[in-house]
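Observations on the three-dimensional arrangement
What follows is each chain in one-letter form.
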Amino acid sequence: MARLATEDGARKVLVVDDDADWREFLRLSLEDLGYETTEASDGQEALETLRRGDRYGVMLLDLNMPGMTGLEVVERLPRGPQPRVVFLTSAAAQDVGSALLSGPHYYLPKGASRDQLSLLLQSLGE
């Protein structure tokens, strides 16, 4: 099972995606893996959630959303401890290179399996 460090918020994941079906798949998969999840349907909702002071170990963030892109969300993150950012996208890995270079971010292709999600979360553990 995927396990992140036990620091405050480490077992909490913020899922940000405009695709409700994909959010639901991620939420159910994360809950099966023992994570607490919060969902946001767009970048503005994600930022409001983070500004309330909730701490998350990981933020699964859609890179290409209408309104505010995932990269714009990262640029506007509130000060203080920040979650590890995993960009979600249906684009090929080479097409998300600039986003990955913008900081210590990670990538998970849309359509990834529960096992792939688990492996990614394990790799983020300490």
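Scroll up a little and you will see the structure.
Residues numbered from 1 in each chain as written. Predicted model: local features only at pLDDT ≥ 70, side-chain atom pairs only at ≥ 80, totals over all residues. Heavy atoms only, no water.

Bringing the sheet that holds strand S3 (residues 58–62) into the picture now. Strand order across the open sheet formed by 5 strands is S2-S1-S3-S4-S5, with parallel pairing between neighbours. A strand with exactly one partner marks an edge of an open sheet, and here the two such strands are strand S2 (36–40) and strand S5 (106–109). Strand after strand, the sheet turns through a mean of 20 degrees between neighbouring axes, direction not considered. Where strand S1 (residues 12–16) meets S2, 5 bridges bridge the pair, whose relative direction is parallel. For Lys-12, the partnering residue across the bridge sits in S2 and is Glu-36. Contacts between helix H1 (residues 20–32) and the sheet are confined to S1, S2, S3, strand S4 (84–89) and S5, with S2 contributing the most and set at about 170 degrees to the helix. Helix H2 (residues 43–51) contacts S1, S2 and S3 of the sheet and is inclined by roughly 155 degrees relative to S1. (Pairing = 2+ DSSP bridges. Helix = DSSP H or I, 4+ residues; strand = E, 2+ residues; numbered from the N terminus. Axes fitted to C-alpha atoms, helices over the stretch in contact; angles between N-to-C directions. Contact = heavy atoms within 4.5 Å.)

For the rest of this paragraph, the subject is the pattern of salt bridges. Enumeration over the complete set of coordinates arrives at 5 salt bridges. The residue Glu-31 makes a salt bridge to Arg-27 at a minimum N-O spacing of 3.5 Å. Taken as a pair, Glu-31 and Arg-27 lie in helix H1 at a separation of 4 residues, close to a single helical turn. Linking Arg-27 and Glu-39 is a salt bridge whose minimum nitrogen-to-oxygen distance equals 2.8 Å. With Arg-27 in helix H1 and Glu-39 in strand S2, the pair connects residues that are 12 residues apart, well separated along the chain. Assessed through its relative accessible area of 28%, Glu-39 is described here as partly exposed. (Salt bridge = Lys/Arg side-chain N within 4 Å of Asp/Glu carboxyl O. Buried < 20%, exposed > 50% of the residue type's maximum accessible area, 1.4 Å probe, protein only.)

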